[in-house]
Amino acid sequence: GDKAALQVWRNAGAHLGRAVANAVLLLNPKRVVLCGGVSRAAKYFLPAVKSVLKTQSVKTPFKNLKIIISKEDNAGGAGAALYALSKTNEI
């Protein structure tokens, strides 16, 4: 209920929303998975993320986009490790 803390979360969500929007416009994914410990606070920042996505002038990539909050805290690290392992065979 702290007003200053809630504003910090809204600001963080707005910045994250712009980053997600840029990634979606560049890569056109169907899903974006947010992971890590901070993702547990999605109820505080996700409304701001969605608000930014709704204001994009190009609408098509966002029509069916799903934003998913990972249930695994270290999914990002595991994905990065798997990606690095997959590249070891590409010399």
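Given the structure is predicted, the values throughout are model-derived calculations rather than measurements. (Residues numbered from 1 in each chain as written. Predicted model: local features only at pLDDT ≥ 70, side-chain atom pairs only at ≥ 80, totals over all residues. Heavy atoms only, no water.)

## Some remarks on unusual backbone geometry
Then step 1. The residue N28 is not glycine, and still its phi comes out positive at about 55°.
Then step 2. Tracing the backbone shows N28 in the loop between helix 1 (3-27) and strand 1 (31-34). (Helix = DSSP H or I, 4+ residues; strand = E, 2+ residues; numbered from the N terminus.)

## Side note on the packing of aromatic side chains
Then step 1. One pass over the structure, following the stated rule, counts two aromatic pairs.
Then step 2. Ring centres of W9 and Y44 lie 6.1 Å apart, and the angle between their planes is 25°; on these two criteria the pair is classed as stacked. Pair noted here: W9 is in helix 1 and Y44 is in helix 2 (residues 42-54), with a separation of 35 residues, a long-range link.
Then step 3. Given a relative accessible area of 27%, W9 falls into the partly exposed group.
Then step 4. An angle of 25° between the planes, with centres 6.0 Å apart, marks the rings of W9 and F45 as stacked. Of this pair, W9 sits in helix 1 while F45 sits in helix 2, and the two are 36 residues apart along the sequence.
Then step 5. In this structure an aromatic cluster arises from ring pairing among W9, Y44 and F45. (Phe/Tyr/Trp six-rings, centres within 6.5 Å; stacked < 30°, edge-to-face > 60°. Buried < 20%, exposed > 50% of the residue type's maximum accessible area, 1.4 Å probe, protein only.)

## Concerning helix 1
Then step 1. The terminal C-alpha atoms of helix 1 lie 36 Å apart, and with 25 residues this matches the ideal 36 Å at 1.5 Å per residue to within 8%.
Then step 2. Of all the residues in helix 1, the buried ones are G13, A14, G17, V20, A21 and V24.
Then step 3. Packed against the buried residues of helix 1 are strand 1 and helix 2.
Then step 4. Measuring from the backbone nitrogen of A4 back to the side-chain oxygen at the start of helix 1 gives 3.0 Å, which picks out D2 as the cap. (Expected span 1.5 Å × (residues − 1). Contact = heavy atoms within 4.5 Å. Polar contact = N/O pair within 3.5 Å; in protein donor to acceptor, adjacent residues only side chain to side chain.)

## A short note on the nonpolar core
Then step 1. Formed by 13 residues in total, the largest nonpolar core has its most connected members in V24, V32, F45, L53, F62 and L65.
Then step 2. Looking at this core, the element that brings in the most residues is helix 2, giving five residues.
Then step 3. Other than its neighbours up to four places away in sequence, F62 contacts A21, V24, L25, L53 and Q56. (Core = buried A, V, L, I, M, F, W, Y, C linked by side-chain atoms within 4.5 Å.)

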